[in-house]
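A closer look at the structure
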Amino acid sequence: MATRHGIRVEPFFMRPSGEQLETLAALVDTGAVRPFIDRAYDLDETVDALRHSASKRARRKIVVRVS
């Protein structure tokens, strides 16, 4: 366990689980869990997404949509 800026941080490890991913997807679908998205880009805008990430201005996650 580590403490940084008064916040307790503990590492954890998990194994990929299709069942857990289905549960998480259902929570997102119902709105019980909301991802924090800074911007969304189409696949052909991936270079712009990478530039935005490199700029360190993204406050949340950057999404690249694959159709």
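These numbers come from a predicted model, not from an experiment.

Here is what the cut-offs are and how they apply
- Residues numbered from 1 in each chain as written.
- Predicted model: local features only at pLDDT ≥ 70, side-chain atom pairs only at ≥ 80, totals over all residues.
- Heavy atoms only, no water.
- Helix = DSSP H or I, 4+ residues; strand = E, 2+ residues; numbered from the N terminus.
- Expected span 1.5 Å × (residues − 1).
- Patch = residues over 30% accessible without salt bridge, like charges linked within 9 Å, V, L, I, M, F, W, Y side chains within 5 Å.
- Areas by Shrake-Rupley, 256 points an atom, 1.4 Å probe, with all protein chains shown as cover.
- Salt bridge = Lys/Arg side-chain N within 4 Å of Asp/Glu carboxyl O.
- Buried < 20%, exposed > 50% of the residue type's maximum accessible area, 1.4 Å probe, protein only.
- Contact = heavy atoms within 4.5 Å.
- Pairing = 2+ DSSP bridges.
- Right-handed = clockwise from strand over helix to strand, strands pointing away.

This part is about helix H1 (residues 18–30). Here H1 is 13 residues long and its end C-alpha atoms lie 18 Å apart, about the 18 Å a rise of 1.5 Å per residue gives. Of the residues flanking the end of H1, it is Gly31, one or two places downstream, whose phi is positive at about 90 degrees.

All right, on to a nonpolar patch on the surface then. Taken together, the side chains of Leu21, Leu24, Leu27, Val28 and Val33 define a hydrophobic patch exposed on the protein surface, amounting to about 390 Å² of accessible area. With respect to the helices, strands and loops of the structure, Val28 is situated in helix H1. Take Val28: its relative accessible area is 35%, and that puts it in the partly exposed class.

With that settled, consider the side chain of His52. Note that His52 resides in helix H2 (residues 46–54). For His52, a relative accessible area of 9% gives the class buried. Dropping the residues within four chain positions of it, His52 is found in contact with Asp38, Arg39, Tyr41, Arg57, Ala58 and Ile62.

Moving on, we get to unusual backbone geometry. One non-glycine residue, Lys56, lies in positive phi territory at about 65 degrees. Positionally, Lys56 belongs in the loop between H2 and strand S4 (61–65). The class for Lys56 is exposed, based on a relative accessible area of 71%.

Pairing analysis gives 5 bridges linking strand S3 (residues 37–42) to S4, with the strands arranged parallel. Among the inter-strand pairings, Asp42 is bridged to a residue of S4, identified as Arg65. For the handedness criterion, the β-α-β arrangement of S3, H2 and S4 is classed as right-handed.

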